[in-house]
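Now for the letters of each chain:
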Amino acid sequence: MNKIIYLDAAASALKTDAVIAAEVDFLQYKYANAGRGVCARVSAVDDMVARTRADVAKFINAKCDENIVFTGGTTDAMNRIARLIDDAFSVDGDSIKNKTIMVSDLDHHSARLPFECIVGRRGCKIVLCPVNAENNLDYSNVARADVFVITAMSNVFGGRQDVARLVAAAREKNPDVITVVDAAQYVVHENIDVEKWDCDFMCFSAHKIGGDTGLGVMYVKNPDYWMSPDKFGGGMVVRITGAAPDNQCRIQWEPAPARFEAGTLPLTQIAGLGAAIKEWTPRCGADVMRRIRQGLDSMPRVKIYTAPDAAILTFSVDGIHPLDFGAMCGARGLCMRVGNMCASWAMRMIDAPTGGVARLSAGPWNTIEDADRALEIIGEVIK
Ligand SMILES: Cc1ncc(COP(=O)(O)O)c(C=O)c1O
């Protein structure tokens, strides 16, 4: 059987032996729920969760562990952030209806749709952050907004956005703007520094940096400000007084991060994430991408949409539907992403062919030989 060339890191990273071993070890020898008792086994799980939280805080340069909330992934986090912001504006007779939300055409559906839906429901104003000729967010021309959704790296264009400058530019227009960073792709290729970015929220998924699916990280700069949690359940309550039917139920929430982590956490995935972030090296696969770029540049009928130094490579082949192209490459052992990339606005920006585009993205497991074999396969299919 042909060896599979997995050049789809931007969709999800392959897992290392250390990550798999950490999850198996937890499931086989250390399993118990967290925060649900005081026996040694439970305490050891609590310690594992606390250790991973501290490792994540260090990984993104957060001031303290309380800023780190475990979620179900980037999509889950973006939906939750939108709800937290909607709720926060709905106090004292105010409403998000009177606010302006700034998004951009670089956004993934997961980042923009939760806010588009608030706009649809509440009727607030939406504005676009301009994108320059290089397909980067133009920090010199940001509008005044109350909420600013920033895609730190587009999954179509792979450019590194200057998040610190974008946040500063938006604050200059409105010191109270709430800044939300989608770092799902950025985290794969660059070190995140939330202190330097000075954003209010940031999120990413564990599975893109070698961890498991079903787990993400949501950074919250001022967790005490977001008094009203967006999800309710076990593990987040200090005390409840009063009760139905007189509607006098008063709840004292746990401080962050527990206040935002209702219910049982994805513990196995947290064990895996601890191992993943110890191993993950940003800028992995850069040499492989360079080689692929050189090869594709000289191929006939290939149109490339990404800059030479972009972390990923998005392209189309004139005369071949992207789904056919993906299937033909796949049949020869090349695994890559084809379609609209869950980024309809970016597809519109580049006037993408019907069916979308193709995307190649390397991870630490890829070699130069993978690049050469991928080029051979693409060359055969194009012929
Ligand atoms: C830029 C960006 N944002 C958000 C997401 C959504 O991530 P997830 O599907 O892990 O929730 C992705 C996934 O590809 C992405 O590339």
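Note that the coordinates shown come from a computational prediction; the quantities given were computed from them, not determined experimentally.

Visitor: Just give me the short version of the pattern of salt bridges, but keep the residues and values in it.
Guide: On inspection of all chains with the given rule, the structure shows 23 salt bridges. A salt bridge links D146 to R144; the shortest N-O distance between them is 3.5 Å. Salt bridges linked by common partners bring R171, D198, D200 and K221 together as one network.

Visitor: Outline helix α4 (residues 109–122), listing residues and values.
Guide: Counted at 1.5 Å a residue, the expected span for α4 with its 14 residues is 20 Å, and the 19 Å between its end C-alpha atoms agrees. For α4, every residue scored as buried is listed here: H109, S110, A111, R112, P114, F115, I118 and V119.

Visitor: An account of a nonpolar patch on the surface is requested, with residue identities and associated values reported.
Guide: A contiguous nonpolar patch, built from V237, I240 and I251 and spanning about 230 Å² of accessible area, is present on the exposed surface. For V237, a relative accessible area of 31% puts it in the partly exposed group.

Visitor: Could you give an account of the sheet that holds strand β6 (residues 178–182), naming the residues involved and the relevant values?
Guide: Pairing is mixed in the open sheet, where 7 strands are placed in the order β2-β8-β7-β6-β5-β3-β4. Looking at the sheet topology across the chains shown, the edges are occupied by β2 (68–71) and β4 (125–128). Within the sheet, the average angular offset between the axes of one strand and its neighbour, ignoring direction, is 20°. With 5 bridges connecting them, strand β7 (residues 201–205) and strand β8 (residues 216–220) associate as antiparallel partners. Its bridge partner lying in β8, S205 is registered against G216. On top of the sheet, helix α5 (residues 163–173) reaches β5 (147–151) and β6; it is set at about 165° to β5, its chief contact.

Visitor: Tell me about the site of the ligand, and name the residues and values.
Guide: T74, T75, H108, S110, M153, N155, D182, A184, Q185, S205, H207 and K208 make up every residue found near the ligand. With respect to the ligand, the side chain of D182 contributes an N or O atom lying 2.6 Å from a nitrogen atom. Take H207: an N or O atom from its side chain is 2.7 Å from an oxygen atom of the ligand. Protein chains shield 85% of the accessible area of the ligand, which is 390 Å² for the free molecule. A per-class count over the shell around the ligand returns 2 nonpolar, 8 polar and 2 charged.

Visitor: How would you explain the pairing of β8 if you had to name every residue and give the values?
Guide: Most of β8 is tucked away: 5 of the 5 residues are buried. Side chains G216, M218 and V220 project from β8 onto one buried face, and the interleaved V217 and Y219 project onto a second face that is buried too. Of the strand pairs in this sheet, β2 and β8 are connected by 4 bridges, and their pairing is antiparallel. Counted as the bridge partner of V69 is M218 from β8.

Calculation notes
Residues numbered from 1 in each chain as written. Predicted model: local features only at pLDDT ≥ 70, side-chain atom pairs only at ≥ 80, totals over all residues. Heavy atoms only, no water. Salt bridge = Lys/Arg side-chain N within 4 Å of Asp/Glu carboxyl O. Helix = DSSP H or I, 4+ residues; strand = E, 2+ residues; numbered from the N terminus. Expected span 1.5 Å × (residues − 1). Buried < 20%, exposed > 50% of the residue type's maximum accessible area, 1.4 Å probe, protein only. Patch = residues over 30% accessible without salt bridge, like charges linked within 9 Å, V, L, I, M, F, W, Y side chains within 5 Å. Areas by Shrake-Rupley, 256 points an atom, 1.4 Å probe, with all protein chains shown as cover. Pairing = 2+ DSSP bridges. Axes fitted to C-alpha atoms, helices over the stretch in contact; angles between N-to-C directions. Contact = heavy atoms within 4.5 Å. Near = heavy atom within 4 Å. Polar contact = N/O pair within 3.5 Å; in protein donor to acceptor, adjacent residues only side chain to side chain. Nonpolar A, V, L, I, M, F, W, Y, C, P; charged D, E, K, R; others polar.

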